[in-house]
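Coordinate inspection notes
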Amino acid sequence: MARTGVLIEMADGGKIKETNYGVLTAARGKTGNNEVYALIMDGSADALATDLAPYGVQNIVAVTAAGDLQNSPDLQAAALAAAAKEYGFNSLLGLSSASGRDIFARIAASLDEPMASDCISVDVDERTAVKSHFSGKTFATIQLECTMMIATIRPNAIEPVKSSESATSAQVLSFTAQVSDPGKVKRVEVKKGGSGKIELTEAPIIITGGRAIKAAENYKMLEECAAILGAAVGASRAAVDAGYAPHSMQVGQTGKTVSPKVYIACGVSGAVQHFAGMKTSKIIVGINMDKDAPIFSKCDYGIVGDIFEVIPALTKALK
Ligand SMILES: Cc1cc2nc3c(=O)[nH]c(=O)nc-3n(C[C@H](O)[C@H](O)[C@H](O)COP(=O)(O)OP(=O)(O)OC[C@H]3O[C@@H](n4cnc5c(N)ncnc54)[C@H](O)[C@@H]3O)c2cc1C
């Protein structure tokens, strides 16, 4: 039976990031029968046993190592590579997050394996991955010639599905990696973006304001609606360049790549560079005053109207 390791990422407050569940779904393979090991590095393995088991996780490996594991990506990568060898994984998957991109590239290099990053889907049995290319204009299926398939998956790209075979709890294993070289990079500080807000790349729903928002304070209108929807608020580059929103909110080719269930573009024209960052959203809604705006040729639902009328009306209806 094939065996897949999945690095689990935690959100603020010691909760598991919801987007891990899509990765665990892919880890089970086409038949859904692959053995899945969840790898945890922050000491919370015991607390997660009942959260992870429904997604087919049989074993949770609490990975530790001497030294400052939490703040050294080299040490983390070395410890995870050692765990992958120890448990004989056929594949190793994780999220294409800031830390996932950092750590997985190091793991692949240390194991001399190829890596597929920011995948839309993966097939661990066939060792193939689907990736978006040329700013989302094409999707390529790539085949990895490897001993261990290493891939990171775009958050929300894969619909999480619980396993029909799962137990109620997973077994917790302890693994202390015999690694000690902290490498050359040490994390010294983490500055949180808007604390308490939903991270854009993790959000199941995103409501984005474009240049039409006209002023920074007008994002409050979107935030009010987002709070009811459980959504994160994004911005177009034009809005960021105009100083209405910070770059951390920018979606697109030179901003963040997102893949929510619903993406609501408010006063966004629909430029290719914006689409490059949100094209894989499951449902796209465009709200624009101009009935000929390009967004309407690319969205699932469109509202021709003024965002300063439509959004307050939507918020009121949702309330
Ligand atoms: C190399 C490169 C990289 C880029 N990267 C990015 C990127 O990462 N992200 C990104 O977003 N862009 C990016 N861009 C910029 C991109 O080309 C567009 O200029 C930008 O996306 C336009 O932003 P916008 O849709 O908010 O503004 P506009 O194109 O000005 O559109 C505003 C829209 O709002 C509508 N509107 C106005 N008032 C209202 C109202 N009251 N109610 C409803 N609708 C209204 C208008 O009809 C219009 O369609 C990049 C460009 C380049 C060259």
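What counts, and at which threshold
- Residues numbered from 1 in each chain as written.
- Predicted model: local features only at pLDDT ≥ 70, side-chain atom pairs only at ≥ 80, totals over all residues.
- Heavy atoms only, no water.
- Helix = DSSP H or I, 4+ residues; strand = E, 2+ residues; numbered from the N terminus.
- Rg over C-alpha atoms; globule rule 2.2 N^0.38 Å.
- Contact = heavy atoms within 4.5 Å.
- Domains from an automatic or database assignment.
- Buried area = accessible area lost by both parts, 1.4 Å probe.
- Salt bridge = Lys/Arg side-chain N within 4 Å of Asp/Glu carboxyl O.
- Polar contact = N/O pair within 3.5 Å; in protein donor to acceptor, adjacent residues only side chain to side chain.
- Near = heavy atom within 4 Å.
- Areas by Shrake-Rupley, 256 points an atom, 1.4 Å probe, with all protein chains shown as cover.
- 1 Å grid on protein atoms, 1.4 Å probe; cavity = no way out; pocket = protein on both sides within 12 Å on 5 of 7 lines; lining within 4 Å.
- Sits in = over half its atoms within 2 Å of the grid points.
- Nonpolar A, V, L, I, M, F, W, Y, C, P; charged D, E, K, R; others polar.

1. Quick word on the overall build of the protein
Across its full length, the protein carries eight helices and 14 strands. Taken against the 2.2 N^0.38 rule, which gives 20 Å for 319 residues, the C-alpha radius of gyration of the protein at 21 Å falls within 12% of a compact globule. Viewed in the frame of its principal axes, the protein has a C-alpha envelope of about 60 × 40 × 35 Å. For the protein, the share of sequence-separated contacts (at least 6 apart) that also reach a separation of at least 24 residues comes to 65%.

2. With respect to the domain arrangement of the protein
Here the protein is described as being made up of domain 1 (3–177) and domain 2 (200–318). Domain 1 and domain 2 are separated by 30 Å when their C-alpha centres are compared. Taken residue by residue, the interface counts 15 residues in domain 1 and 13 residues in domain 2. Between domain 1 and domain 2 the total buried area reaches about 1,100 Å² when both faces are included, carbon and sulfur atoms providing 49% of it. Counting across the interface, domain 1 meets domain 2 through one salt bridge. Between E202 and K17 there is a salt bridge; the shortest N-O distance is 3.9 Å. Counting across the domain 1 and domain 2 interface gives five residue pairs in polar contact (both at pLDDT 80 or more).

3. A look at the site of the ligand
Looking at the ligand, there are 25 residues lining it, with R211, S236, T254, S269 and Q273 nearest. For the ligand, an oxygen atom lies 2.8 Å from a polar atom in the side chain of H274. One nitrogen or oxygen atom from the main chain of M289 is found 3.1 Å from a nitrogen atom belonging to the ligand. Coverage of the ligand by the protein chains reaches 75% of its 990 Å² of free accessible surface. Of the pockets mapped on this structure, the ligand occupies the second largest pocket. Residues that form the shell around the ligand fall into these classes: eight nonpolar, 13 polar and four charged.

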